[in-house]
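# Coordinate analysis (summary)
For reference, the chains in residue letters:
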Amino acid sequence: MNAVLAIIAANLRRMRNDRSNIFFVVVLPLLIVVTLGLAFGGDTNVKLGVVDPVRNTATRDVRAAISGTDEAAAETLPDTSRLRHDVARGVLDGGWYVTRSGAGDDETTVITWVSGTTGNDIPMQNVAMSAARVASDRAEAVRIVTRTTGADPAAATRAVDRASASGPRVERATTTVGSDKANEDSTSIRAVLAGSQLSLFIFLTSLMGASSLLTSRQYGVTRRTRAAPVSVPQIIAGEALSRYIVAIIQAAVILLGSTLFFGIDWHSPLAVILLCAAMALVGSGIAMILGTLGRSEQQVNAISLLAGLALAALGGSMQPLEFFPDVMRTVAFCVTPHAWMNNALWRILIDGKGFSAAVPAILVLSAAGLVLIAVASRLLARRLRAM
Amino acid sequence: MFDIFVRDILARLRDRSALILGIAAPLVLILILGGLAPGPDIEKDQPLGVVLPAPPTAVGTLLTDQVAPLLKQERIAVLTEYPTQEKAARAVEDEDIDAALIVGVPDARGRQTITVLAPNGHPIDTAVAIGIADGVTAQANAVTSVVGAIRLLTPDAAPPDAATVSAQLATATPTVTVANDSTSGGLTPETRVAAGMATFFLFFTVQFGLLGLLYERRVGTLARLLAAPITPRQVLVAKLLVSYVLGVLSMTVLIVAARLIIHAHFGSPLGVALLVLSGVAAATATVTLVVGVARTPEQAGMAQSMVALLLGILGGSFFSLARSGDFGAAITRLAPHYWFSEGLTRISGGQSWTAVAGPVGVLLLFTVVIGVPGLILARRTVKP
């Protein structure tokens, strides 16, 4: 046991002495926390832009309906090119511009929605469509009343408004099926987005540790350790735990930082902590395999980056799994750890499920991590015995 | 100098690490993100349930007789009737249907509710059902308003028939419509992904030329080179050219591949070319500074990885900081990645190549500010 601890201590000391490692272990995770906080923390309102040169009752009703949800803030913009630019660059979640087509009785007010990249604006687009439908039906009601009674449009409008206020109403309600309450508010959606980046960067920073194991081998540290009265399993345990401790430190910095400084509400913190720990285990296992098989630092870093980002993309860290076709979703669960973590976070944060929803993902990721570490250990043992 | 350049370029093109970082990694990500996952899409013929009240009401009839055939014809949704709310809820839970519309029994004051039974955590599936319920609600209320208004204005005339009014409303051309313009918000999702990944990996690709200086110095080939009739400046320029050409090659291959495979649309070819040339110059400038400051190839490799990750995160390769207010908007502008995407956004609507002048100017300014001190420092590396 002392030998294992000595190897861990030596690895951590060596890592501390190389300043570039401080970047990957502390600075990079902190930077990720700050950027995650800037991107997903703070103001949770959906930011929308409006270009409305028409300004009639219908367009005012649509804007009032959106503002009335208390979920969105709509800012008036001077022209459509500014709206398109700000939506395209992610300054706004979405927005709409108003145009007119036709003339006289055939005149139509066209509200054109410009969707952003995050999908945050989709609920607001639905609110706009409902408000537009109500406005359209009201205008048609006035036309029918004018035609039928011969009254002038102003009198018909007043009569329609009075009848609308006093007559029996039909309303729409929404109920979620199942015992748990769905959290589709923007705070939860933002937490899901932050969580998907959490899985990406915990895995990526874990993989970037692969070159550290490689340099241990190349500098002859592992060979010198082998010359001491230390068994191969002890070396492997020391190396594996070193990688895992570093990965856990990186994960803790990202998780704690985003929670404490930017108030991201994870709903079930214990589940999220265990998911991060399991994810770090998978990352450490793959890092050990790459560090054992790799030939040069450049090669290992290149493969780590490729694997870290490709698996994250496939696992729903850059685009929600919900948007994937069914086949892709199945592939994502078969080959990426990210899909498991992201899906568990979705179930906790959006579906409103508790800790139990994360248990399958925690078990699968932990088992995968242990299998990968076992494979890496066998490979490393073969290399050590060949020395 | 030309010989050094050609030899190095050929060596790098044979180097698997350079090919992985310059071509394979960004291409894989572009294919995954841009091609295979096409983004949120509402499916056709969505299966929805409906529960009608007994005895039948005008709202129920409106839904089944007027709205349902239209939904079927437009291939938006197919409505299946369920006898009770419990059975519809079970069908939603079992995912037999995406959502259900429950038309309630009117209360004593004639008020009626259409309840959408929505599955947990599937906002896109629910959107269609909510849209249908809102449409029926708006139309039913409009019928009530028309009938009430006609009674108010002509109290002595025979009351209008609600079914006739409903039919008139249903066939009328809407005076307010909502159109979707998701592709007009600048770059298409495919193009945005392709641009983001190509620029992110560019900062790793360009290291393969200039970093060679430090490796050659360590193994002694640099000293042998300088013993030949060749100046240190020529060696430095040759390595710079290798980095630059590798960067341009990588970006060109990725842009052409994205255009052909995932149909990314980049706008004016001249504008794109200017952005690529100035973007690669900015990336080469950073690696020049890194090589000037670092003492060993390992240090330089690690430092360049840090710079690439840092600028990639700040510049919006993974998520945009522009939404987060003035501070986020200011720091994201420090990264060349931001200006490359900004340039593409400005020509995405078919504008002339001159629209990229601003972003290209910023990229060239970045090149000068970072590259000149980099060159001064890097000259020390090639001193005999």
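Look up: the structure comes first, before these words.
Here's a quick rundown of the structure. (Residues numbered from 1 in each chain as written. Chains lettered and ligands numbered in written order. Predicted model: local features only at pLDDT ≥ 70, side-chain atom pairs only at ≥ 80, totals over all residues. Heavy atoms only, no water.)

On to the overall build of chain B. The helix and strand inventory of chain B stands at 15 helices and 5 strands. Since a compact globule built from 384 residues should have a radius of gyration of about 21 Å, the 32 Å found for chain B marks it as more spread out than a globular shape. Sorting the 384 residues of chain B into buried and exposed places 54% on the buried side. Considering only contacts within chain B whose residues lie at least 6 apart along the sequence, 75% involve residues at least 24 apart. Of the roughly 16,400 Å² of accessible surface on chain B, a fraction of 63% belongs to carbon and sulfur atoms. Computing the positive centroid from 26 side-chain charges and the negative centroid from 26, chain B places the two 22 Å apart. (Helix = DSSP H or I, 4+ residues; strand = E, 2+ residues; numbered from the N terminus. Rg over C-alpha atoms; globule rule 2.2 N^0.38 Å. Buried < 20%, exposed > 50% of the residue type's maximum accessible area, 1.4 Å probe, protein only. Contact = heavy atoms within 4.5 Å. Areas by Shrake-Rupley, 256 points an atom, 1.4 Å probe, with all protein chains shown as cover. Lys, Arg positive; Asp, Glu negative; His and termini not counted. Charge placed at Lys NZ, Arg CZ, Asp CG, Glu CD.)

Here we take up helix H4 (residues 85-93) of chain B. Working note: α-helix, 3.6 residues per turn, so residues spaced by three or four point in the same direction. Residue and element names in this part refer to chain B. All buried positions along H4 are accounted for by Ala 88, Ala 89, Ala 91 and Val 92. Buried residues in H4, looked at end-on, bunch into an arc of 160 degrees, giving them a common side. Exposed and oriented more than 90 degrees from the buried face of H4 are Glu 86 and Glu 93. Residues of H4 that are buried make contact with strand E1 (46-51), strand E3 (99-103) and strand E4 (112-118). Following H4 by one or two positions, Glu 95 has its phi on the positive side, about 65 degrees. (Arc of directions from axis to C-beta.)

This paragraph deals with helix H14 (residues 336-347) of chain B. All names here are of chain B. Compared with an ideal rise of 1.5 Å per residue, which puts 12 residues at 16 Å, H14 spans 17 Å between its outermost C-alpha atoms and is within 8% of the ideal. In terms of residue burial, H14 counts as a mostly covered element, since 11 of its 12 residues are buried. Among the residues making up H14, those that are buried are Pro 336, His 337, Tyr 338, Trp 339, Phe 340, Ser 341, Glu 342, Gly 343, Leu 344, Thr 345 and Ile 347. (Expected span 1.5 Å × (residues − 1).)

The subject of this paragraph is the interface of chain A and chain B. With 107 residues of chain A at the contact, the number on the chain B side is 105 residues. Carbon and sulfur atoms supply 66% of the area that chain A and chain B bury against each other, a total of about 9,000 Å² over both sides. Ranking the residues of chain A by area buried against chain B places Arg89(A), Val170(A) and Val177(A) at the top, with a combined share of 9%. For the interface between chain A and chain B, the tally reads 2 salt bridges. The partner of Arg89(A) in a salt bridge is Glu342(B), and the shortest N-O contact between them spans 2.8 Å. Linking chain A with chain B are 22 residue pairs in polar contact (both at pLDDT 80 or more). Among the elements that make up the side of chain A that touches chain B, the one with the highest residue count is helix H5 (residues 122-149) of chain A (20 residues). Looking at the side of chain A that touches chain B residue by residue, the class counts come to 58 nonpolar, 27 polar and 22 charged. Sheet topology note: the strand E5 (residues 170-176) of chain A/E4(B) ladder contains 7 bridges and is parallel. Bridging from a neighbouring strand, Glu171(A) pairs with Thr113(B) of E4(B). (Buried area = accessible area lost by both parts, 1.4 Å probe. Salt bridge = Lys/Arg side-chain N within 4 Å of Asp/Glu carboxyl O. Polar contact = N/O pair within 3.5 Å; in protein donor to acceptor, adjacent residues only side chain to side chain. Nonpolar A, V, L, I, M, F, W, Y, C, P; charged D, E, K, R; others polar. Pairing = 2+ DSSP bridges.)

Moving on, we get to the sheet that holds strand E5 (residues 176-180) of chain B. Taking strand neighbours across the sheet as the criterion, the 5 strands line up as E2(A)-E1(A)-E3(A)-E4(A)-E5(B) in an open arrangement whose pairing is mixed. The open sheet is flanked by strand E2 (72-76) of chain A together with E5 of chain B, the only strands paired with a single partner. Ignoring strand direction, the axes of neighbouring strands in this sheet form an average angle of 25 degrees. In the sheet, strand E3 (residues 94-101) of chain A pairs with strand E4 (residues 108-115) of chain A via 8 bridges, with the strands oriented antiparallel. Its bridge partner lying in E4(A), Tyr97(A) is registered against Thr112(A). Sheet strands touched by helix H4 (residues 80-88) of chain A: strand E1 (46-51), E2, E3 and E4 of chain A. Its angle to E3(A), the strand with the most contacts, is close to 155 degrees. Those strands touched by H5(A) are E1, E2 and E4 of chain A together with E5 of chain B, and its axis lies near 155 degrees from that of E5(B). (Axes fitted to C-alpha atoms, helices over the stretch in contact; angles between N-to-C directions.)

A few words on a nonpolar patch on the surface. On the surface, a cluster of nonpolar side chains totalling about 510 Å² of accessible area is made up of Phe2(B), Val6(B), Leu10(B), Leu13(B), Leu19(B) and Leu249(B). Element by element, the count of residues in the nonpolar patch is highest for helix H1 (residues 2-14) of chain B, at 4 residues. (Patch = residues over 30% accessible without salt bridge, like charges linked within 9 Å, V, L, I, M, F, W, Y side chains within 5 Å.)

As a further point, take the nonpolar core. Within the largest apolar cluster, 141 residues are counted, with the highest numbers of intra-cluster contacts made by Leu198(A), Phe201(A), Leu275(A), Leu309(A), Phe201(B) and Leu344(B). In terms of residue count, helix H11 (residues 269-293) of chain A provides more of this core than any other element does, 11 residues in total. Other than its neighbours up to four places away in sequence, Leu275(A) contacts Met341(A), Ala344(A), Leu345(A), Ala358(A), Ala361(A), Ile362(A) and Leu365(A). (Core = buried A, V, L, I, M, F, W, Y, C linked by side-chain atoms within 4.5 Å.)

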